Amino acid sequence: MGKQMTEMLKGTLEGIVLALLTGSPHYGYEITTLLRAQGFTEIAEGTVYALLVRIEQKGLVDVEKRPSEKGPPRKVYTLNPQGEKELNEFWKTWSFLSERLEQLRTGGK
């Protein structure tokens, strides 16, 4: 994944993570694994954890500490109503942008 892809992803990664949390709670490492399974193989774990801190601070997720078989308790993230609202906005914006970009790519057809 090139530098341009990395730059573009920065702005969309929050929405992607919120989408991954739709319907099922996950902890940080699971989210990284899900992103990689979706083809986002270059995303560093640290990037995901920093983003989770941000969405928690913004109040978009509920966080629960659950015991782990090994090591400290895990923080499990669940999308809350505020996060759902944010995700809907993300999808609207994404649809708008992708339609416009497709028009530009095809020469306005």
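Look above for the structure.
Residues numbered from 1 in each chain as written. Predicted model: local features only at pLDDT ≥ 70, side-chain atom pairs only at ≥ 80, totals over all residues. Heavy atoms only, no water.

Engineer: Quick question: what am I supposed to make of the packing of helix H1 (residues 3–20) against helix H3 (residues 45–57) here?
Structural biologist: Between H1 and H3, the least distance of the axes is 10 Å, while the angle of their chain directions is 80°. When the axis of H1 is compared with that of H3, the two are roughly perpendicular. Facing Leu13, Glu14, Val17 and Leu18 of H1, the residues of H3 in contact are Thr47, Leu51, Leu52, Arg54 and Ile55. (Axes fitted to C-alpha atoms, helices over the stretch in contact; angles between N-to-C directions. Helix = DSSP H or I, 4+ residues; strand = E, 2+ residues; numbered from the N terminus. Parallel < 35°, antiparallel > 145°, perpendicular 65-115°, else oblique. Contact = heavy atoms within 4.5 Å.)

Engineer: Would you mind showing me how to read the packing of H1 against helix H4 (residues 81–105) here?
Structural biologist: The axes of two packed helices give the description: the angle between them and the distance between them. Orientation of H1 relative to H4, taken along the N-to-C sense of each, is 125°, at an axis distance of 9 Å. The angle between the axes of H1 and H4 places the two elements in the oblique class. In the packing of H1 onto H4, the handedness of the crossing is left-handed. Between H1, through Thr12, Glu14, Gly15, Ile16, Leu18 and Ala19, and H4, the contact on the second element is made entirely by Gly83, Glu86, Leu87, Phe90, Trp91 and Trp94. Its residues assigned to classes, the contact of H1 with H4 comprises seven nonpolar, three polar and two charged. (Left-handed = near helix turned anticlockwise from the far one by under 90°. Nonpolar A, V, L, I, M, F, W, Y, C, P; charged D, E, K, R; others polar.)

Engineer: Can you walk me through the pattern of salt bridges in this structure?
Structural biologist: Where charged atoms from two side chains of opposite charge come close, those side chains can pair. Counted by the stated rule, this structure contains six salt bridges. Here Lys58 ties to Glu14 by a salt bridge, and the two come within 3.0 Å at their closest N and O atoms. Residue Lys58 is found in the loop between H3 and strand S2 (61–66), and its partner Glu14 is found in helix H1; the two are separated by 44 residues along the sequence. On the basis of relative accessibility, which here comes to 13%, the residue Glu14 falls in the buried class. In this structure, the salt-bridge partner of Lys75 is Glu56, at a minimum N-O distance of 3.1 Å. In this pair, Lys75 sits in strand S3 (residues 74–79) while Glu56 sits in helix H3, placing the two residues 19 residues apart along the sequence. (Salt bridge = Lys/Arg side-chain N within 4 Å of Asp/Glu carboxyl O. Buried < 20%, exposed > 50% of the residue type's maximum accessible area, 1.4 Å probe, protein only.)

All quantities given are derived from atomic positions and should not be read as evidence of function.
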